[in-house]
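Observations on chain architecture
Spelled out from the first residue to the last, the chains are:
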Amino acid sequence: MLALVRLRRGVVGESRRVCHLIPVPTGPVPGHLTALCGESIFPGEAEVLDGLRGMPCHACLVRSAPSGTGLLANAG
Ligand SMILES: [Zn+2]
């Protein structure tokens, strides 16, 4: 299961406040979470979103795309 999180205003500049995808841990709560793109999210620095808002993190989106052939439309 993935959660959408965005760093809070003031933690980073507005241009870095993108929506990251974070795998929800199933075991003990870790000291920090790691987004699919590798960004570390520490407690109190981010807000959990109930839907995609603002700018998505491109690297997280690329890493969440299913692999395999035939999943993209043929534009030709
Ligand atoms: Zn990301």
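Computed from a predicted model, the values in this text were never measured in an experiment.

The next point concerns the overall build of the chain. Along its length, the chain carries one helix and five strands. The buried share of the chain, taken over its 76 residues, is 16%. Across the chain, every contact between residues at least 6 apart in sequence was considered, and the portion connecting residues at least 24 apart equals 53%.

With that settled, the discussion passes to the pairing of strand β1 (residues 2-7). Taken together, the five bridges between β1 and strand β2 (residues 19-23) define a ladder with antiparallel strand orientation. Directly across from Ala3, in β2, lies its bridge partner Ile22. As paired strands, β1 and strand β5 (residues 46-49) are joined by four bridges and run antiparallel to one another. Its bridge partner lying in β5, Val5 is registered against Val48.

Turning our attention to the sheet that holds β2. Strand order in the open sheet formed by three strands is β2-β1-β5, and the pairing between neighbours is antiparallel. Across the chains shown, the open sheet's two edge strands, defined by having one partner strand only, are β2 and β5. Going across the sheet, the axis of each strand differs from the next one's by a mean of 40 degrees, ignoring polarity.

In terms of nonpolar packing, the biggest core is built from nine residues, these being Leu4, Val5, Val18, Ile22, Leu33, Ala35, Ala46, Cys57 and Cys60. Ignoring sequence-local partners within four residues, the contact set of Val18 consists of Arg6, Gly54, Met55, Pro56 and Cys57.

What follows is about the environment of Gly31. Following the sequence through the fold, Gly31 ends up in the loop between β2 and β3 (33-34). Accessibility expressed as a C-beta count within 10 Å gives 7 for Gly31, which makes it exposed.

What follows concerns the confidence of the model for the chain. Predicted coordinates in areas of low pLDDT are best not read in detail. Confidence along the chain averages 88 in pLDDT terms, with 89% of residues attaining 70 or more. When mean pLDDT is compared element by element in the chain, β2 scores highest at 95, while helix α1 (residues 58-64) scores lowest at 93.

Calculation rules
- Residues numbered from 1 in each chain as written.
- Predicted model: local features only at pLDDT ≥ 70, side-chain atom pairs only at ≥ 80, totals over all residues.
- Helix = DSSP H or I, 4+ residues; strand = E, 2+ residues; numbered from the N terminus.
- Buried ≥ 20, exposed ≤ 12 C-beta atoms within 10 Å, placed from the backbone.
- Contact = placed C-beta atoms within 7 Å.
- Pairing = 2+ DSSP bridges.
- Axes fitted to C-alpha atoms, helices over the stretch in contact; angles between N-to-C directions.
- Core = buried A, V, L, I, M, F, W, Y, C linked by C-beta atoms within 7 Å.
- pLDDT = per-residue confidence, 0-100.

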